[in-house]
Amino acid sequence: MNYNIYMHLLIIIYICICWNEFRKGGFPLADEIKDGKVDVTRYMVKEGEKVNLKKYSTKCDVSIDKSQVKNLYFPQVIEKLKDLQEKLYAQNTYGLVVVLQAMDAAGKDGTINHVFASLNPGGVKVVSFKQPTTEEKDHDYMWRINKALPERGDIGIFNRSQYEDVIVTRIHDLVHQGQLPQNLVNKNIWEERYEQINNWEKYLRQNGFMMIKIFLHVSKEEQQKRLIDRIVNQQKNWKFSMSDINERQYWDRYQELYEEMISKTSKDISPWFIIPADQKWYTRYIVALITLQALKKIDPQFPKLDPEVQKQLETFKKLIAQVDVKELAEIQTTLSEKASKENKEN
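Quantities reported herein were computed from a predicted structural model and do not represent experimental measurements. (Residues numbered from 1 in each chain as written. Predicted model: local features only at pLDDT ≥ 70, side-chain atom pairs only at ≥ 80, totals over all residues. Heavy atoms only, no water.)

Caption draft 1: Focus on the packing of helix α2 (residues 66–91) against helix α11 (residues 280–298). Across the interface, α2 lies against α11 with an axial gap of 9 Å and an inter-helix angle of 30°. In terms of axis orientation, α2 runs roughly parallel to α11. Between α2 and α11 lies a crossing of left-handed hand. Contacts from Lys66, Val69, Lys70, Tyr73, Phe74, Val77, Lys80, Leu81, Leu84 and Leu88 of α2 reach α11 at Trp281, Arg284, Tyr285, Ala288, Leu289, Thr291, Leu292, Leu295, Lys296 and Ile298. Among the residues making up the contact of α2 with α11, the classes are represented as 14 nonpolar, one polar and five charged. (Axes fitted to C-alpha atoms, helices over the stretch in contact; angles between N-to-C directions. Helix = DSSP H or I, 4+ residues; strand = E, 2+ residues; numbered from the N terminus. Parallel < 35°, antiparallel > 145°, perpendicular 65-115°, else oblique. Left-handed = near helix turned anticlockwise from the far one by under 90°. Contact = heavy atoms within 4.5 Å. Nonpolar A, V, L, I, M, F, W, Y, C, P; charged D, E, K, R; others polar.)

Caption draft 2: How the structure looks around empty space enclosed by the protein. Counted according to the given criterion, the structure contains one cavity of 30 Å³ or more. Reported here for the largest cavity is a volume of approximately 30 Å³. Taken together, Ala106, Gly107, Thr111, Arg226, Ala277, Lys280, Thr283 and Arg284 make up the lining of the largest cavity. Considering every element that reaches the lining of the largest cavity, the biggest residue donor is α11, with three residues. When grouped by side-chain class, the residues that make up the lining of the largest cavity number two nonpolar, three polar and three charged. (1 Å grid on protein atoms, 1.4 Å probe; cavity = no way out; pocket = protein on both sides within 12 Å on 5 of 7 lines; lining within 4 Å. Points joined across faces, edges and corners; volume = space filled by probe spheres on them.)

Caption draft 3: The packing of aromatic side chains, seen in detail. Tallied over the full model, the rule gives five aromatic pairs. Geometrically, the ring pair formed by Trp281 and Tyr282 is edge-to-face, given 5.6 Å between the ring centres and 70° between the ring planes. An aromatic cluster of at least three residues, connected via ring pairs, comprises Phe215, Tyr254 and Tyr258. Of note, Arg193 hangs over the ring of Tyr141, and the distance from its end group to the ring centre comes to 4.2 Å. (Phe/Tyr/Trp six-rings, centres within 6.5 Å; stacked < 30°, edge-to-face > 60°. Lys NZ or Arg CZ within 6 Å of the ring centre and 35° of its normal.)

Caption draft 4: Quick look at the pairing of strand β6 (residues 155–159). Counting buried residues in β6 gives five out of five residues, a clear majority hidden from the surface. Because side chains alternate across β6, one face comprises the buried residues Ile155, Ile157 and Asn159, and the other comprises Gly156 and Phe158, equally buried. Relative to β6, strand β4 (residues 95–102) runs parallel, the two sharing five bridges. Each bridged residue has a counterpart across the sheet, and for Val97 the counterpart in β6 is Gly156. Two elements, strand β5 (residues 124–128) and β6, share five bridges in a ladder whose sense is parallel. (Buried < 20%, exposed > 50% of the residue type's maximum accessible area, 1.4 Å probe, protein only. Pairing = 2+ DSSP bridges.)

Caption draft 5: Just unusual backbone geometry, in detail. Residues other than glycine seldom take positive phi values, yet Ala105 does so here, at roughly 70°. Ala105 gets classed as buried once you look at its relative accessible area, which sits at 8%.

Written as structure tokens, this is what we have:
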């Protein structure tokens with residue numbers, strides 16, 4: 001065979017292999033990683049898209065260095081989040097809701113701790129939705145969710161969410177065991193709830209509250225490792241719950257319902273992101289990037305001062321400029337020494 005023809009065939013085969021790997025998520029596009037910044041839209045579910053979780057990777061699916069993410073890129077993103085959160089709080093007009101849904105042991109708590117713990121706690125509200133209380137059961141299923149919404153200027157983190165009532169409630173057939181009038185329980189109830197939730201999220205967006213929804217996609221094998229770790233590792237025994245083991249038997253059904261739920265409720269105004277959750281360092285980084293992207297879309301700004309206040313501020317700046325800084329420092333030192341002496345005498 002002619003050498004040039006042979007080389008051309010090799011190139012074509014290589015391109016085909018790369019394209020196939022890319023379609024499976026094996027290789028990122030060139031513009032998907034730039035200085036450690038992953039294009040998170042690769043994980044976003046488009047409105048109307050039918051989701052098959054088997055096609056989504058549970059592991060890091062881009063070529064990126066773990067140590068650089070943990071020691072360089074992730075800290076940089078957190079600093080940017082802190083800056084935008086301060087502006088969001090000061091502006092006090094928009095709010096942000098971050099929904100985290102996942103199978104048990106997928107890393108929701110750790111993600112919240114690592115991504116949001118460095119932000120100003122005065123502007124972050126974390127709510128975990130567990131089994132409904134007696135009071136919550138006496139209300140509609142969205143009652144407790146509405147109560148937990150953040151104020152304007154704040155970021156609300158939902159550890160589980162309104163979607164528990166179209167997932168867990170459905171798996172365990174809780175609608176037939178609760179206080180909902182049975183004549184309202186029919187074959188259309190789940191489609192009706194999807195519609196209700198979609199309309200509610202649209203309502204929030206139209207009132208200045210943006211919502212991003214993140215599904216931490218963990219593999220069954222990784223979940224097993226983490227559940228076993230909770231049993232054998234004494235430092236993690238406190239995380240162990242028998243309910244986690246019991247729920248594992250419904251794995252396939254959970255996957256089916258999550259596929260349906262995400263397909264029905266991922267909208268342009270409140271999209272779902274399906275992100276790999278087998279490697280915690282990567283999961284946390286992507287959640288931080290998604291949150292950063294959302295805050296950038298809001299584009300919060302420090303509010304402009306009232307003209308009279310601005311005038312007073314300029315006057316004060318001029319007065320400060322006329323003061324001897326060295327003299328002020330000496331006065332402060334003298335006052336501090338005097339206060340210290342008085343404290344000792346008392």
